[in-house]
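Single-letter residue listing:
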Amino acid sequence: MRAQLVELAAERDALRAQLVGDLPTATRWLQRKVWRQTAALDVLNRRVVTQRFVLRTLDELGRSLTAAEYRAARAGIANAELRDRIDDPDAA
């Protein structure tokens, strides 16, 4: 929650800077925001690539996850919402 408040305050300050004509300040904030989102997307992309590699490897070995492997992988997900999406066929 604190991180969200800090981000909202920074956005407010950037908008104020834009209103008074201080475009370099507003631009720097936007650029930092884009860099943060790029870094987060890169981390997510690396995880997806790794997971696809594991799944392809298992497929090439002609087997799927054992029940114990599945439970261990599912239990390793800290985010409860994300963990619940695994078994939801409508989640995309």
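Residues numbered from 1 in each chain as written. Predicted model: local features only at pLDDT ≥ 70, side-chain atom pairs only at ≥ 80, totals over all residues. Heavy atoms only, no water.

A. Quick look at the overall build of the chain. Broken down by element type, the chain carries 4 helices and 0 strands. Going residue by residue from the N terminus, the α and β elements of the chain occur as α-α-α-α. Computed over C-alpha atoms, the radius of gyration of the chain comes to 21 Å, more than 25% over the 12 Å expected from 2.2 N^0.38 for 92 residues, which places it beyond the range of a compact globule. Viewed in the frame of its principal axes, the chain has a C-alpha envelope of about 65 × 25 × 20 Å. By the burial criterion, 7% of the 92 residues in the chain qualify as buried. Entry remark: accessible area of the chain is about 8000 Å², with carbon and sulfur atoms responsible for 60%. (Helix = DSSP H or I, 4+ residues; strand = E, 2+ residues; numbered from the N terminus. Rg over C-alpha atoms; globule rule 2.2 N^0.38 Å. Buried < 20%, exposed > 50% of the residue type's maximum accessible area, 1.4 Å probe, protein only. Areas by Shrake-Rupley, 256 points an atom, 1.4 Å probe, with all protein chains shown as cover.)

B. Examining the confidence of the model for the chain more closely. Per-residue confidence for the chain averages 83 on the pLDDT scale, and 95% of its residues sit at or above 70. Confidence, read as mean pLDDT per element, is least for helix H4 (residues 80-85) in the chain (76) and greatest for helix H1 (residues 2-19) (89). (pLDDT = per-residue confidence, 0-100.)

C. Highlighting helix H2 (residues 23-60). The first and last C-alpha atoms of H2 sit 54 Å apart over 38 residues, in line with the 56 Å expected at 1.5 Å per residue. Burial in H2 covers these residues: Ala26, Trp29 and Leu58. Among the structural elements, H1 are those in contact with the buried residues of H2. Once H2 finishes, glycine 62 follows within two positions and takes phi at roughly 80 degrees, a positive value. (Expected span 1.5 Å × (residues − 1). Contact = heavy atoms within 4.5 Å.)

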